[in-house]
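Residue strings, one per chain:
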Amino acid sequence: MKNTTIITTLVLFSFGFSQMGRTDLPQPHIFFDDVFPQDEENIDLPEGEKISHFSNSTRTDRTPWEQVSSINGAAVGEMKVSVSNPSIIYVSTYGGGVFKSIDAGNSWSATSLSNALGVNNTLTIHPEDPDIVIAATRGYGHYSGAGTYKTMDGGVTWTRIDYFGDDDAYGVFIDPNNPQIIFSASGSGYEYSTDGGDTWAYNDMIDIDPYGVYIGGFHSNHLDASTTLAYGDGKIYKISDNGSIASLEYDTETGYWLRSVAISADDPQRIYCGTEYGVLFTLNGGETWTLQGEEWSGSEDNNDVSDILINPTNNNEVWFQSGDFGPHRSLDGGSTWERMMPPIFDTGGYHLSFSSQDQSVLFGSWWKGVWKFIGSSWVESNEGLEHQFVRDISITQDMNIWAGNLRHAVSKSSDNGLSWDNYNTGMESLYNRTMSVHPEGNNAIAATYTGLYTTADSGSNWIFSLQDELTSVGQVLQSTTDPNTVYAGGYLEEQTYGRYYKIIKSTDHGQSWS
């Protein structure tokens, strides 16, 4: 089976590259994946030479790479809404750095902390001054600027906190009762600052556990404003004396990693924890704990909850965000849950946050952007957030540019990339894995998470064309000579033999396969 898999996979890749390298392909026709403007220094050009974006473009006013209109919906890793001014929101993106909105998410602009990989659970806003923000980023490949940064002017400038060097400070938390006190967790124990981040100290917590105590995040202690709570390995700890002393406060006795914690301000006996197995909560100050997960998944596993929060005006309204199942809401304190997905296929959400002034407004961040829940429905809030993931680019003979992407499935431009329209009618999933377009532009084939789709009217309508032939599709190809001939490569999941890799062909544009 292993030999068959290797041979078939090699055939698949050889097939794809041989077609892309054919000299009879009508020009212009280009494919590229994961090409970044920042790679321009790697392009070998004569001094003073310029290149245009596309092979047949007559424009010569563009230096090696220039962005041509954004496809909205950035890969958002984390989002924070200002407590003192809920119109101000910051998001940390995967590849685009930190963005800021000053109109409650209606529009966005990039801060000067750009070209960076945002790190989850590393963004925090000063509770009284929204211009003061701490964010951490990672450096990888062509992404620069690894480290932990602080801005005092709303993102116009950022200064790296030297204490952390090139490391990202995980779980950064500014004490809302004393903003000069800041906490961070980078391993066993925690770091803390008592002067707004200028200097830092470290508590290894070995007096609690000599083998190490690993912290995932921090939370305000509503029972004692002079202390802060820290959580991680199935336990919740109390930090006092401005960070120098830590003690065990609650033990869930599960050992589950606590990814997030929500504590009611009006009733601190109510504590909700997001774990990899679901929601763990107590209504009696930790005397008993209840785990819920199978209620929405039907399984004891894969119930990961990345964020959880309580409506500040209603203890019984609890929300959680799950990368596996999307956002859920309970109106009875956690006894029952209902799924509250926005109209997108992607369930991979990260954070939720209530507006500090209007608790009927809730913000949510997804891998493909930011959405806002108002009253009873979601609206998209992505204007100005630039998409970082375009899977495929194809250019037809009449210079229509097709972009297969992760947010709108297929977007097209007829003005050399200056503006874009979305073409995904008929597609259940908008997560475009791969796409191929006939040079004349009428016929195309695309693969999404739910299977194969074909179009014969330039993308205006898409028809689902894959039933049982493949479980997952990794590559598609539209014939350049016969508009009705298409190919798809991937694997079929079988109970007896596991994954069986193969290439299938259709001569009637996806109506039947062989």
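Residues numbered from 1 in each chain as written. Predicted model: local features only at pLDDT ≥ 70, side-chain atom pairs only at ≥ 80, totals over all residues. Heavy atoms only, no water.

Trainee: Just give me the short version of the nonpolar core, but keep the residues and values in it.
Mentor: Membership of the largest hydrophobic core comes to 14 residues, with the highest contact counts inside it found for Phe-183, Tyr-190, Met-205, Ile-215, Phe-218 and Ile-239. Here Phe-183 is in contact with Gly-171, Val-172, Phe-173, Tyr-190, Glu-191, Tyr-192, Phe-218, Thr-228, Ile-239 and Gly-243, once residues within four sequence places are set aside. The next biggest cluster of nonpolar side chains, apart from the first, holds 12 residues, and it includes Trp-319, Leu-352, Leu-362 and Trp-371. (Core = buried A, V, L, I, M, F, W, Y, C linked by side-chain atoms within 4.5 Å. Buried < 20%, exposed > 50% of the residue type's maximum accessible area, 1.4 Å probe, protein only. Contact = heavy atoms within 4.5 Å.)

Trainee: Break down the sheet that holds strand β27 (residues 361-366) for me, with residues and values.
Mentor: Pairing between the strands of a sheet is mediated by backbone hydrogen bonds and can be parallel or antiparallel. The strand order β26-β27-β28-β29 describes an open sheet built from four strands, whose pairing is antiparallel. Each edge of the open sheet is held by one strand with a lone partner, namely β26 (349-354) and β29 (377-380). For this sheet, the mean inter-axis angle between neighbouring strands, taken without regard to orientation, is 25°. Where β26 meets β27, five bridges bridge the pair, whose relative direction is antiparallel. Of the residues in β27, the one forming a bridge with His-351 is Ser-365. (Pairing = 2+ DSSP bridges. Helix = DSSP H or I, 4+ residues; strand = E, 2+ residues; numbered from the N terminus. Axes fitted to C-alpha atoms, helices over the stretch in contact; angles between N-to-C directions.)

Trainee: Go over the confidence of the model for the chain with me, naming the residues and quoting the values.
Mentor: As a general rule, the predicted coordinates of low-pLDDT regions are not to be interpreted in detail. Of the residues in the chain, 79% have a pLDDT of 70 or more, and the chain-wide mean is 78. In this model, residues 1-69 is a region of pLDDT below 50 whose contacts with residues beyond four sequence positions or in other chains number 94 contacts. (pLDDT = per-residue confidence, 0-100.)

Trainee: Requested: an account of the packing of aromatic side chains, with residues and values cited.
Mentor: Across all of its chains, the model carries 16 aromatic pairs by this definition. Note on Tyr-272 and Phe-281: the rings are 5.4 Å apart at their centroids and 20° apart in plane angle, and the pair reads as stacked. Put simply, the rings of Phe-173, Phe-183, Tyr-190, Tyr-192 and Phe-218 pair up and form one aromatic cluster. Residue placement shows Lys-412 over the ring face of Tyr-423; its charged tip is 4.5 Å from the ring centre. (Phe/Tyr/Trp six-rings, centres within 6.5 Å; stacked < 30°, edge-to-face > 60°. Lys NZ or Arg CZ within 6 Å of the ring centre and 35° of its normal.)

Trainee: With reference to specific residues and values, describe unusual backbone geometry.
Mentor: A positive phi angle is found at Glu-253, which is not glycine, with a value near 60°. Relative to the helices and strands, Glu-253 resides in the loop between β17 (245-251) and β18 (260-263). On the accessibility criterion, Glu-253 (71% relative accessible area) is exposed. We note that His-509 has phi near 55°; this positive angle belongs to a residue other than glycine. Relative to the helices and strands, His-509 resides in the segment after β40 (498-506).

Trainee: Describe the pattern of salt bridges, listing the residues and the values that go with them.
Mentor: All chains considered together, the criterion is met by four salt bridges. Arg-259 serves as the salt-bridge partner of Asp-304, at 2.3 Å between the closest nitrogen and oxygen. Of this pair, Asp-304 sits in the loop between α2 (294-297) and β22 (307-311) while Arg-259 is found in the loop between β17 and β18, placing the two residues 45 residues apart along the sequence. Looking at Asp-304, the relative accessible area reads 19%, which means it is buried. Where Arg-270 meets Asp-267, a salt bridge forms, and the shortest distance between an N and an O atom there is 3.6 Å. Here Asp-267 falls in the partly exposed class, since its relative accessible area comes to 26%. (Salt bridge = Lys/Arg side-chain N within 4 Å of Asp/Glu carboxyl O.)

Trainee: Which residues make up the side chain of Thr-455, and what values go with them?
Mentor: Considering the arrangement of structural elements, one finds Thr-455 in strand β36 (residues 451-455). On the basis of relative accessible area, Thr-455 is assigned to the buried category, the value being 1%. A polar atom in the side chain of Thr-455 sits 2.9 Å from the backbone oxygen of Asn-461. Dropping the residues within four chain positions of it, Thr-455 is found in contact with Trp-402, Asn-442, Asn-443, Ala-444, Ser-460, Asn-461, Trp-462 and His-509. (Polar contact = N/O pair within 3.5 Å; in protein donor to acceptor, adjacent residues only side chain to side chain.)

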